[in-house]
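The chain contents come next:
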Amino acid sequence: MGLCYSKKNFINQNHPHTNIKYYHGWVLDGKKNGFGIEYTLEGKKCYEGQWINNQKSGDGTLFDENEEMIFTGSFLHNKKNGIGILYQNKNTLYRGEWKNDTKHGEGKLYYNNLNTIYYSGTFYENKKHGSGKIYYSNGNIKINGTWENDSLINGIEFWENGSQRYQGKFKNEKYYGESSIYYDNGILYYEGHLLNGYKHGFGKLYDVDASLIYEGEWNENLKSGYGLLYNNDVLVYKGNFLNDVKQGNGTLILHNSVYTGSFKNDLYDGEGKLYINNSLYYSGLFKLGQQNGSGKLYKNNKIIFDGLFYNNSKDGTGTLYYNDSEDILYHGQFSNDLRNGFGTLYFPNHNILYKGQWTNNMSNGFGEEYDKNGVLLYKGYWIYKKKKNI
């Protein structure tokens, strides 16, 4: 005898833990076999397709509670197996291979409501795994890479205009390891080490015209450690950085000046030397970018002042020297870059010319005047360079 199929309605079927109640289709030996439709308690179609021994097997379609199609493709033993299409809100969400109800093999994911490919590549148990490509909504490739367990591990990223943006490794979906990043015009932006998507470790930064900006150490996208800073490929600073500012020892090279010494928050701060037109101009202490504390001024590489400074001005005790000589011109007090307070003025032969009080570089108050042979000429009071009562 041959097989005996019949087309029946099975009413009030028992499907524990589901809302399925009705079936209309072909049966064999009391079991669903061949084409049939399954309905919910509310009479809504939930599956339409092939059956083998009461199990969805072959081509079929699943529906939601509104009888909108949510999947069409191949089934085996009640699970999606083979080629199938997953839908959401009438739009394609996934198209490709399935295994045991999971995306498995070659497939494509789509942007919601656009029917535009988002990802094309291989899957393993619902996860991106192996080679694949991610696309922008305009259809251009965004990433061409390799995935493991849904995580991108290596690949090339592109700007939306199609030019390359990044090439290298990924970790936790972020740039990682020795890699290169590019501007959207294709010019190299950064090459070096990356960690968690940040410039971290040694690397080089370039301007949009391909000129080198910086090469050195980084910490989470900030210049930190030793590095070289450039302007139009010309070296302008070499030394230490901290949190993107000059910090510690370094050398700053400007148009007509060079500073070498200690920095703090991008400013001269601490011990340092300032050169102007290739000649030593100042050696000593700085604070907040200005000469502050003990220091020496030079002219033609010879010392002309040794003493205390405040905000780039002579302030406190100091010694002035004759130009191109080690002979003392003046020793005493200064304020606002001028002789103020008690001080002594000398002849080039080291004899005293005047000693006493000063105001703004003028003898003012009690003082003594001598000739170059050391003979006292006047002892008394002065009023702004003039002797009182004379």
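Going by the structure above, here's the rest.
This section reports on the structure supplied with the text. (Residues numbered from 1 in each chain as written. Predicted model: local features only at pLDDT ≥ 70, side-chain atom pairs only at ≥ 80, totals over all residues. Heavy atoms only, no water.)

What follows concerns unusual backbone geometry. Backbone geometry places Asn126, a non-glycine residue, at a positive phi of 75 degrees. Residue classification places Asn126 among the partly exposed positions, given a relative accessible area of 36%. Here the phi dihedral of Asn277 falls at roughly 50 degrees; this positive angle occurs in a residue that is not glycine. Within the fold, Asn277 resides in the loop between strand S23 (267-276) and strand S24 (279-287). (Buried < 20%, exposed > 50% of the residue type's maximum accessible area, 1.4 Å probe, protein only. Helix = DSSP H or I, 4+ residues; strand = E, 2+ residues; numbered from the N terminus.)

Here the focus is the environment of Ile52. Relative to the elements of secondary structure, Ile52 occurs in strand S4 (residues 45-52). On the basis of relative accessibility, which here comes to 45%, the residue Ile52 falls in the partly exposed class. Considered as a pair, Ile52 and Asn243 are 191 residues apart in the sequence and their alpha carbons are 68 Å apart. Excluding residues within four positions of it along the chain, Ile52 makes contact with Lys32, Asn33 and Ser57. (Contact = heavy atoms within 4.5 Å.)

Following the criterion strictly, the structure yields 34 aromatic pairs and no others. For the pair Tyr94 and Phe123, a centre-to-centre distance of 5.3 Å together with 90 degrees between the ring planes defines the contact as edge-to-face. Of the two residues, Tyr94 sits in strand S8 (residues 91-99) while Phe123 sits in strand S10 (residues 117-124), which places them 29 residues apart along the sequence. Overall, the relative accessible area of 5% leaves Phe123 in the buried class. For the ring pair Tyr282 and Phe286, a centre distance of 5.0 Å and an interplane angle of 85 degrees mean the geometry is edge-to-face. Summarising the burial analysis for this pair, Tyr282 and Phe286 share the class buried. (Phe/Tyr/Trp six-rings, centres within 6.5 Å; stacked < 30°, edge-to-face > 60°.)

Looking now at the layout of surface pockets. Computed from the structure, the largest pocket encloses a volume of approximately 160 Å³. Contributing to the lining of the largest pocket are Trp159, Arg165, Tyr175, Ile181, Tyr182, Tyr183, Tyr189, Leu194, Gly197, Tyr198, Lys199 and Asn221. Put simply, the parts of the chain that give the lining of the largest pocket at least two residues each are strand S15 (174-182), strand S16 (188-195) and strand S17 (198-206). Looking at the lining of the largest pocket, the element that brings in the most residues is S15, giving 3 residues. (1 Å grid on protein atoms, 1.4 Å probe; cavity = no way out; pocket = protein on both sides within 12 Å on 5 of 7 lines; lining within 4 Å. Points joined across faces, edges and corners; volume = space filled by probe spheres on them.)

Moving on to the pattern of salt bridges. Within this structure, the stated rule accounts for 11 salt bridges. Asp266 serves as the salt-bridge partner of Lys246, at 3.2 Å between the closest nitrogen and oxygen. Here Lys246 is found in strand S21 (residues 245-253), whereas its partner Asp266 is found in the loop between strand S22 (257-264) and S23, with 20 residues between them in sequence. When its relative accessible area of 12% is taken as the criterion, Lys246 is described as buried. With a closest N to O distance of 2.7 Å, Lys387 and Glu369 form a salt bridge. Pair noted here: Lys387 is in strand S33 (residues 386-387) and Glu369 is in strand S31 (residues 362-370), with a separation of 18 residues, a long-range link. (Salt bridge = Lys/Arg side-chain N within 4 Å of Asp/Glu carboxyl O.)

Sheet topology places strand S11 (residues 127-135) next to strand S12 (residues 141-148); 6 bridges connect them, and they run antiparallel. Bridge pairing links Lys133 to Asn144 in S12. Hairpin geometry of S11 and S12 is characterised by an intervening segment of 5 residues between the two adjacent antiparallel strands and by a positive phi of about 95 degrees at Gly139. Where S12 and strand S13 (residues 151-158) come together, 6 bridges link them in antiparallel fashion. (Pairing = 2+ DSSP bridges.)

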